[in-house]
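# What the coordinates show
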Amino acid sequence: MGNILEVNHLKKYFKTNRGVLHAVDDITFTIERGKTLGIVGESGCGKSTTGRCVMRLIEPTGGEILFEGRDLMKLSKREMRAKRNDIQIIFQDPFSSLDPRCTVMQTIAEGVKVTGKYRTKKEVEMRVIELMRIAGLAERLINAYPHELDGGRRQRIGIARALAVEPKLIICDEPVSALDVSIQAQILNLLRELQEELGLTYVFITHDLAVVNHISDEIMVMYLGQTVEKAPAEELFTNPIHPYTKALLSAIPIPKVGAKKERVLLRGEVSSPINPGDECRFAKRCPHARAECRTSCPQLQEKSPGHFAACHLFGSENKTTSL
Ligand code: SF4
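First, a word on what this report is: a plain description of the structure on this page. (Residues numbered from 1 in each chain as written. Predicted model: local features only at pLDDT ≥ 70, side-chain atom pairs only at ≥ 80, totals over all residues. Heavy atoms only, no water.)

### Quick word on the environment of L248
Operational definition: Strands are runs of DSSP state E lasting at least 2 residues, helices are runs of H or I lasting at least 4, and numbering of each runs from the N terminus. Exposure categories follow from relative accessible area, calculated using a 1.4 Å probe and restricted to protein chains: below 20% of the type maximum is buried, above 50% is exposed, and the middle band is partly exposed. Only heavy atoms enter the contact rule, under which two residues are in contact if any of them lie within 4.5 Å.
Residue placement: L248 occurs in helix 9 (residues 243–250). The buried category is assigned to L248, whose relative accessible area is 17%. Taking C-alpha positions, L248 is 9.3 Å from E42, a pair spaced 206 residues apart along the chain. In contact with L248, not counting residues within four places along its chain, are L209 and V221.

See below:
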């Protein structure tokens, strides 16, 4: 199907009183049309900043963002605004991302009108009702306000609003983190069904590897602004390489009574992303850190086809390959 998105050497730095914060530090990835890339990592690893940079909601410091072959970094602000109809975002907190003064109808209709396809009031209303049905919202809620709805329904409004402009790529930024577990499953199923039905491509950002496994074709693990591992979802879960990925996986509970697995507890302080040195950024917490890790930052290397990791433990046995 070809790649819909290619991100090359993306960087986002912020100046602070204490120095330069490397929020996103030279990351490269591609996504095939109709597929899902999961981006996972702890709070502050740069995953949400990456999503916002792709949409240019915040301006990247450097790099290249090719969407359908066109470099978004070279678009004017006006051109970029138009391009955002093709790239939409669903936020973590559906309540704060919705205007409390707007009904469901008004919220979704805004996007419907942007397409220019629905001219009369009746046509817009019919399209809003169709989008509500697609997102699993009952028609009777059309005049409801966000505060009258529960978290799951609010997130369905967020999804319907994103779909209203008929996007090709949706950045889902922790879309189920604020929801109860049963509602999380419903929203994940809905996103999967919509992907099949509409051929959507997703960037799915989350701190929870268990969640990302259900929806991703590929998973990229980030730590302090860098990619530390990237692989097809099944491969990452069955053959993790990086000590950080292994620690994240060990924290996922096994859904079986009495089943146990060894939890990797990460001790030590988190390195500062401000003026980072040449060491591995995970070295202070890594149970396998050795002298080399404190003097040089490992580069991503390909362990097996499509499976990349940045760790000195594997550096000597694999060749360097760009993503
Ligand atoms: Fe741990 Fe060293 Fe690998 Fe970093 S490079 S993850 S410190 S073993």
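So that's the structure; there's more coming.
### Structural notes on the site of the ligand
Inclusion rule: Any residue with at least one heavy atom within 4 Å of a molecule or strand is counted as near it. Three categories are distinguished: nonpolar for Ala, Val, Leu, Ile, Met, Phe, Trp, Tyr, Cys and Pro, charged for Asp, Glu, Lys and Arg, and polar for the others, with Gly belonging to the last.
Surrounding the ligand, one finds 13 residues, the nearest of these being C280, C286, C293, C311 and H312. Its residues assigned to classes, the shell around the ligand comprises 10 nonpolar, three polar and no charged.

### Remarks on the packing of aromatic side chains
The line we're drawing: Pairing of aromatic rings covers Phe, Tyr and the six-membered ring of Trp, with a centre-to-centre limit of 6.5 Å; geometry is then stacked below 30 degrees between planes, edge-to-face above 60, and tilted otherwise. A ring is scored as having a charge over it whenever the NZ atom of a lysine or the CZ atom of an arginine sits within 6 Å of its centre and within 35 degrees of its normal.
Applying the stated criterion to the full structure yields three aromatic pairs. Ring plane angle 80° and centroid distance 5.0 Å describe the contact between Y223 and F282, whose orientation is recorded as edge-to-face. Linking Y223 in strand 9 (residues 218–223) with F282 in the loop between helix 9 and strand 11 (301–304), this pair joins segments that are 59 residues apart in sequence. In this pair, the class of Y223 matches that of F282, namely buried. Arranged with centres 5.4 Å apart and planes meeting at 65°, the rings of Y244 and F282 form a pair that is edge-to-face. Note that Y244 is positioned in helix 9 and F282 in the loop between helix 9 and strand 11, a separation of 38 residues in sequence. In textbook terms, an aromatic cluster arises when at least three aromatic residues are bridged by ring pairs, as seen for Y223, Y244 and F282. Across the ring face of F14, the terminal group of K12 is positioned such that the distance to the ring centre comes to 4.9 Å.

### A few points about the nonpolar core
Nonpolar side chains tend to gather and get buried jointly when the protein is soluble and globular. Applicable threshold: Among buried residues, the Ala, Val, Leu, Ile, Met, Phe, Trp, Tyr and Cys ones that are joined through side-chain atoms within 4.5 Å form a nonpolar core. Note: domain ranges come from an automatic or database domain assignment.
I108, V128 and L209 are the most contacted members of the largest nonpolar core, which has 59 residues in total. Summarising the domain contributions, this core has at least three residues from each of domain 1 (3–86 + 167–322) and domain 2 (97–166). Sequence-distant contacts of I108, that is, excluding residues within four places in its chain, are made with V128, L131, M132, I157, A160, R161 and A164. Membership of the second largest hydrophobic core comes to 27 residues, among which are V24, F29, C45 and I171.

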